[in-house]
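Descriptive analysis of the structure
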Amino acid sequence: MRYGAGSLEELGDVCAEAGIERPLLVTPLRGAASAGELSVVGVYDGVLPHVPIETVREAAARATELDADGLVGLGGGSAIDTCKAVVAELAEQGRDPLPQIVTVPTTYAGAEWTSFYGVLLAPGRKGGGSDPRVTPIAAIYDPVLTLDLPLEATVGTSMNALAHCAEAYYHPAASERAPRHADTGATAIGHALPIVVERPNGIYGRSRLQEGAHRAALALAESGVCLAHAMAQAIGGRYGVPQGSANAVCLPVALRFNAEVVPEAVERLGTALSTDDAPARIEELAALGGFGRLRDLGVPEDELGELAAAIVARAGAKANPRAATAEDVHRLLRSVW
């Protein structure tokens, strides 16, 4: 890991240390200017919140054409997830050895240390998977790259990171390290996000927020996702909503739903956030980015029932500590519509 302002300059050294000689940069088209001497595939135009499977296949073909032995994911969760999906695609094709992944996150989505990835399989249908072979081996955290991140993306991806922390407290597969990472991550995010909103060009706040997102990513890598993520993933795939934006709305209601069976976990999250009401504090933080209701994200009221059925079918909902029926989830969705 490399951390600090200007650490992007160490990308070449990181690749060399990892034994990567032919790296391919996977980035939104707007990130191509950061490529230097790297070969580039611009994975999307920076508007789409989810990368379609066709783009993954295009990037995999490009990696094969160049015989790339490494992928550098520079951008948010979509760019980094594309790298993982490319490695999974190459694994299916029998490629050996597989390219290594180095990540340069420019948001707070937290994809840089996990084996989880998501792609858009078809319009309205988000898929993905988890494979230890796609786990990145290095990350460069340069807060300078986040200084121009818009308010909505700043707050939205921070909410995604907070969801990683929250669910690490009660996911059934969480390791002993997961809640410790979640403690540090949630504390840093809760402290830094208001500072960044007030002073978006300040290195201190951006650095602390990046630190929190890093620890949230480690918490996710040591646990998994539950109901809040399942809700956000289904909303994102169906309506093209960024996952962080959906988590900003869904996490508080999922926490209140789960508090009946895991009250100590929700209280521990509150302690990390310096509050005795974690869901309410997360609503306050989400409001800094203008998030509050599903209707504002373009979710139609008459499709809430279908959406609920899709949510309970997801792995995250099935891993939730409190069993959730479609009727339960429909009620939660309506409460924040």
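This structure is a prediction, so every number in the text was calculated from the model and none was measured.

Counting its regular elements, the protein contains 13 helices and eight strands. The C-alpha radius of gyration computed for the protein amounts to 19 Å, which stays within 12% of the reference 20 Å derived for 337 residues, consistent with globular compactness. Projected onto its principal axes, the C-alpha positions of the protein cover 50 × 40 × 35 Å. Counting over 337 residues, the protein shows a buried share of 57%. Taking all contacts inside the protein whose residues are at least 6 apart in sequence as the whole, residues at least 24 apart take part in 76%. As displayed, the protein has an accessible area near 13,500 Å², and 50% of this comes from carbon and sulfur atoms. Averaging the locations of the 27 positively and 41 negatively charged side chains of the protein gives two centres separated by 3 Å.

Counted under the stated rule, the structure contains zero disulfides. Considering cysteine sulfurs only, Cys 83 is the nearest to Cys 15, which forms no disulfide, with 11 Å between them. Residue classification places Cys 15 among the buried residues on the basis of a relative accessible area of 4%. There is no disulfide at Cys 165, and the cysteine sulfur nearest it, in Cys 226, is 13 Å away. What makes Cys 165 buried here is its relative accessible area of 0%.

When the local axis directions of helix H8 (residues 243-258) are compared, the greatest deviation, roughly 40°, occurs at Cys 250, which is followed within four positions by the proline Pro 252. The element H8 is extensively covered by neighbouring structure, given that 15 of its 16 residues are classed as buried.

Both faces of strand S8 (residues 138-141) are covered, namely the face carrying Ala 138 and Ile 140 and the face carrying Ala 139 and Tyr 141. Relative to S8, strand S1 (residues 2-3) runs parallel, the two being bridged by two bridges. Considered in S8, the bridge of Tyr 3 is made with Tyr 141. Inspection of the sheet shows strand S5 (residues 100-105) paired to S8 by two bridges, in the parallel sense. Across the sheet, Thr 103 pairs through a bridge with Ala 139, a residue of S8.

This part is about the nonpolar core. Proteins that are soluble and globular tend to have nonpolar side chains buried together. With 66 residues, the main nonpolar core has Leu 227, Leu 294 and Leu 333 as its most contacted residues. With nine residues, H8 is the single largest residue contributor to this core. Those residues in contact with Leu 227, other than ones at most four positions away along the chain, are Glu 167, Ala 254, Phe 257, Ile 311, Gly 316, Ala 317, Asn 320, Ala 324, Val 329 and Leu 332. Judged by nonpolar contacts, the second largest core, of 20 residues, contains Val 51, Ile 53, Ala 85 and Ile 101.

Our focus in this paragraph is the pattern of salt bridges. Tallied over the full model, the rule gives 19 salt bridges. Between Glu 306 and Arg 238 there is a salt bridge, and its shortest N-O distance comes to 2.5 Å. Here the residue Glu 306 occupies a position in helix H11 (residues 304-312), and Arg 238 occupies one in helix H7 (residues 227-239), the gap between them amounting to 68 residues. Where salt bridges share partners, they join Glu 21, Arg 22, Asp 67, Asp 69 and Arg 95 into one cluster.

Note that Leu 332 resides in helix H13 (residues 326-335). Classification of Leu 332 by relative accessible area gives buried; the value is 11%. Expressed as a C-alpha distance, the spacing of Leu 332 and Cys 250, which sit 82 residues apart in the sequence, is 8.4 Å. Once residues within four sequence positions are removed from consideration, Leu 332 is found in contact with Leu 227, Met 231, Val 253 and Phe 257.

The rules behind the values
Residues numbered from 1 in each chain as written. Predicted model: local features only at pLDDT ≥ 70, side-chain atom pairs only at ≥ 80, totals over all residues. Heavy atoms only, no water. Helix = DSSP H or I, 4+ residues; strand = E, 2+ residues; numbered from the N terminus. Rg over C-alpha atoms; globule rule 2.2 N^0.38 Å. Buried < 20%, exposed > 50% of the residue type's maximum accessible area, 1.4 Å probe, protein only. Contact = heavy atoms within 4.5 Å. Areas by Shrake-Rupley, 256 points an atom, 1.4 Å probe, with all protein chains shown as cover. Lys, Arg positive; Asp, Glu negative; His and termini not counted. Charge placed at Lys NZ, Arg CZ, Asp CG, Glu CD. Disulfide = S-S within 2.5 Å. Bend = angle between axes of the 7 residues up to and from the residue. Pairing = 2+ DSSP bridges. Core = buried A, V, L, I, M, F, W, Y, C linked by side-chain atoms within 4.5 Å. Salt bridge = Lys/Arg side-chain N within 4 Å of Asp/Glu carboxyl O.

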